[in-house]
Amino acid sequence: MSDSSGRFVLVTGGAGYIGSHAAKALAARGFVPVTYDNLIHGHRWAVQSGPFVEGDIGDRAKLLETISRYNISAVMHFAAFAYVGESIQRPERYFNNNVTKSLTLLDALVDSGVRHVVFSSSCATYGTPDRMPIAEDTPQRPVNPYGETKLIMERALHWYAGAHDLTFAALRYFNAAGADPDGKLGEVHSPETHLIPLVLNAIDGRGALEIYGGDYPTPDGTCVRDYIHVADLADAHVRALDYLLSGGASVAMNLGTGNGHSVREVIGVAEHVAGRKVPHRIVPRRVGDPPILVADPSSAARVLAWRPQYSDLDCIIRSAWKWHSEYSKVRPV
Ligand code: UFG
């Protein structure tokens, strides 16, 4: 690989939660992340490695100019709307942003000769499977527009790859959580809907946590999820990129730990970490929440030699609490 070949990686949505951690991981491995973000949900302060281009993935001219200016050789595509509830209320927003605009991006890549894509997919593409853990050959039957848009883009990548000498890795995340172990980056969503930040807000006295349902068929009645540390996700992205750059064939892989934790377990660990109680109450179930979602991560372990390092629940919540208590208050949101 020459100096200018294979080093500049376009990171769409690189000012967002997972994208910013991936940009940091890319820089740590000698790549130059070129963050491309419209800052609708991303944050300028989260761009801490490499150049920044403020742009929308629907802007073909700006994409072409950016790809050419930086001699981009591969893309990590994170830019997407990702609120499941909103996607049910406003599907048009999700199909437009996550599908139509993503296709504009793919077309720009093909026209520019960019041949490798690491795509941010989701366990939401599986919907509510009958069997746990979820392996990659589990039928993908999304139960909300967000998951549908991610599945459509996986399928689009499959067909584009066949036609245009392109390879891709579709990474299906389970529940991304935690914060940069160095404390420089973390989760800041507006509005916040994710469990762990809301648990930490509740500890801080910002209202009781609402547990969505206490009567699920799980050991303690609350939903079980597979929480994966964002730094482990970032590491998997760089490994997937290396794999594609070394000639690996297109793949779709789960990124999770294989271990499930209930909402009550998350609360218990957070109370232990913070040394304070989490005020909470049980409310009715949230529409569309499956009782249990747990990954079979063996494919990523085999293909990418990926082993989560930070993803035990205690470590996830410690990093999130550190970010929450020391850093998020001094960042402009
Ligand atoms: N939960 C609560 N109270 C809250 C927030 C969440 O009880 O205030 C529960 C949910 O019911 C769920 C668990 O905590 O059981 C985790 O909820 P999150 O909203 O943090 O995450 P989800 O599992 O709903 O969603 C995640 C990603 C989505 C992705 C989805 C796939 O955030 O982007 O997994 O199912 F689509």
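Up top is the structure these notes are about.
Below or above, wherever it landed, is the structure these notes cover. (Residues numbered from 1 in each chain as written. Predicted model: local features only at pLDDT ≥ 70, side-chain atom pairs only at ≥ 80, totals over all residues. Heavy atoms only, no water.)

1. Section: the site of the ligand
Working step 1: Close to the ligand lie 22 residues; Leu195, Glu210, Cys223, Arg286 and Asp289 are nearest.
Working step 2: Separating an oxygen atom of the ligand from a side-chain N or O atom of Asn175 is a distance of 2.9 Å.
Working step 3: Tyr212 is positioned such that a nitrogen or oxygen atom in its backbone is 2.9 Å from an oxygen atom of the ligand.
Working step 4: Contact with the protein chains removes 90% of the 680 Å² of surface that the ligand exposes when unbound.
Working step 5: Of all the secondary-structure elements, those providing two or more residues to the shell around the ligand are helix H6 (195-203) and strand S8 (209-212).
Working step 6: Along the lines of polarity and charge, the residues of the shell around the ligand split into 14 nonpolar, four polar and four charged. (Near = heavy atom within 4 Å. Polar contact = N/O pair within 3.5 Å; in protein donor to acceptor, adjacent residues only side chain to side chain. Areas by Shrake-Rupley, 256 points an atom, 1.4 Å probe, with all protein chains shown as cover. Helix = DSSP H or I, 4+ residues; strand = E, 2+ residues; numbered from the N terminus. Nonpolar A, V, L, I, M, F, W, Y, C, P; charged D, E, K, R; others polar.)

2. Notes on helix H4 (residues 91-112)
Working step 1: Its 22 residues give H4 an end-to-end C-alpha distance of 30 Å, which sits within 8% of 32 Å, the value for a rise of 1.5 Å per residue.
Working step 2: Turning to H4, its buried residues are Tyr94, Asn97, Asn98, Val99, Ser102, Thr104, Leu105, Leu106, Ala108 and Leu109.
Working step 3: The inward-facing, buried residues of H4 contact strand S1 (8-12), helix H2 (60-69), strand S4 (74-77), helix H3 (84-89), strand S5 (116-122) and helix H5 (145-164).
Working step 4: Of the residues flanking the end of H4, it is Gly113, one or two places downstream, whose phi is positive at about 80 degrees. (Expected span 1.5 Å × (residues − 1). Buried < 20%, exposed > 50% of the residue type's maximum accessible area, 1.4 Å probe, protein only. Contact = heavy atoms within 4.5 Å.)

3. Some details on the sheet that holds S5
Working step 1: Overall, parallel pairing links the seven strands, which are arranged S3-S2-S1-S4-S5-S6-S11 in an open sheet. Two strands lie at the open edges of the sheet, namely strand S3 (52-54) and strand S11 (251-255), each paired on one side alone. Each strand axis lies, on average, 20 degrees off the axis of its neighbour in the sheet, ignoring direction.
Working step 2: Where S1 and S4 come together, four bridges link them in parallel fashion. Its bridge partner lying in S4, Val11 is registered against Met76.
Working step 3: Helix H1 (residues 17-28) contacts S1, strand S2 (32-37), S4 and strand S6 (167-173) of the sheet and is inclined by roughly 160 degrees relative to S2.
Working step 4: Set on the sheet, H4 makes contact with S1, S4 and S5; between it and S4 the angle comes to about 170 degrees. (Pairing = 2+ DSSP bridges. Axes fitted to C-alpha atoms, helices over the stretch in contact; angles between N-to-C directions.)

4. Quick notes on the pairing of S1
Each regular strand carries side chains that alternate between the two faces of the sheet.
Working step 1: Counting buried positions along S1 gives four out of five residues, so the element sits mostly inside the fold.
Working step 2: Sheet topology note: the S1/S2 ladder contains five bridges and is parallel. Paired with Leu10 across the two strands is Val34, which belongs to S2.
Working step 3: With H1 bridging S1 and its parallel neighbour S2, the resulting β-α-β unit is right-handed. (Right-handed = clockwise from strand over helix to strand, strands pointing away.)

5. Considerations on the packing of aromatic side chains
Working step 1: Taken as a whole, this structure holds three aromatic pairs when the rule is applied.
Working step 2: A ring pair is formed by Phe8 and Tyr70, whose centres lie 6.4 Å apart and whose planes are at 25 degrees; its orientation type is stacked. Of this pair, Phe8 sits in strand S1 while Tyr70 sits in the loop between H2 and S4, and the two are 62 residues apart along the sequence.
Working step 3: Residue classification places Phe8 among the partly exposed residues on the basis of a relative accessible area of 23%.
Working step 4: Overall, the relative accessible area of 16% leaves Tyr70 in the buried class.
Working step 5: Centroid distance Trp45 to Trp323: 5.6 Å. Interplanar angle 35 degrees. Geometry classified as tilted. Of this pair, Trp45 sits in the loop between S2 and S3 while Trp323 sits in helix H10 (residues 313-327), and the two are 278 residues apart along the sequence.
Working step 6: A cation over an aromatic ring shows up here: Arg93 above the ring of Phe81, its NZ or CZ 4.1 Å from the ring centre.
Working step 7: Between the NZ or CZ atom of Arg285 and the centre of the ring of Tyr216, over which it lies, the distance is 3.9 Å. (Phe/Tyr/Trp six-rings, centres within 6.5 Å; stacked < 30°, edge-to-face > 60°. Lys NZ or Arg CZ within 6 Å of the ring centre and 35° of its normal.)

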